[in-house]
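Residues per chain are reported as follows:
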Amino acid sequence: MLLLSNLTIFIAHLSTKNANFEPQIPMMSIMDIEYTIQAIIDQHRSFDFVQSEVQRRLNEDSDFKEAYLEWCENLGLSPKTGYVELIEEILESRNSVWDTLSEFGDDDNNA
């Protein structure tokens, strides 16, 4: 109950201190970068298309670009090649899974 009272007082303080207060919430977080690129890969599966789509978003969407630059900085990647490395990593990982499944299927056929 004390927590709720303190929260109510804090909110009242904010509303009287600055009537135009708007919290600064980023439109896109750095976690969204990998999810977005994976979603593009899921839809198109073409390295060239995914690469051009990510580049287009970097040029046209300032929130995406800001989150991308922070993502690169956190991972120690170059902003010029960070998304290319991620695309390659995802595609190689998926190919590895298919290769493993194919080998498993081949073993069953030979038994």
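Preceding this paragraph is the structure being described.
The structure displayed is predicted, hence computed values, not measured ones. (Residues numbered from 1 in each chain as written. Predicted model: local features only at pLDDT ≥ 70, side-chain atom pairs only at ≥ 80, totals over all residues. Heavy atoms only, no water.)

1. Overview of unusual backbone geometry
Even without a glycine there, the phi angle at R45 is positive, about 55°. Topologically, R45 is positioned in the loop between α2 (30–44) and α3 (47–60). Judged by its relative accessible area of 62%, R45 falls in the exposed class. (Helix = DSSP H or I, 4+ residues; strand = E, 2+ residues; numbered from the N terminus. Buried < 20%, exposed > 50% of the residue type's maximum accessible area, 1.4 Å probe, protein only.)

2. Things to note about the pattern of salt bridges
Opposite charge on two side chains permits them to pair, given that their charged atoms come into close proximity. Under the counting rule described, the total for this entry stands at four salt bridges. Among the salt bridges present, the one from D42 reaches R94, with a minimum N-O distance of 2.7 Å. Highlighted residues: D42 in helix α2 and R94 in helix α5 (residues 82–110), separated in sequence by 52 residues. By relative accessible area, which is 38% here, D42 ends up partly exposed. You can call R94 partly exposed: its relative accessible area is 28%. (Salt bridge = Lys/Arg side-chain N within 4 Å of Asp/Glu carboxyl O.)

3. Topic: the environment of A39
Within the fold, A39 resides in helix α2. Its relative accessible area of 27% is what places A39 among the partly exposed residues. Through-space distance from the C-alpha of A39 to that of V50 is 9.7 Å; in sequence the pair is 11 residues apart.

All quantities given are derived from atomic positions and should not be read as evidence of function.
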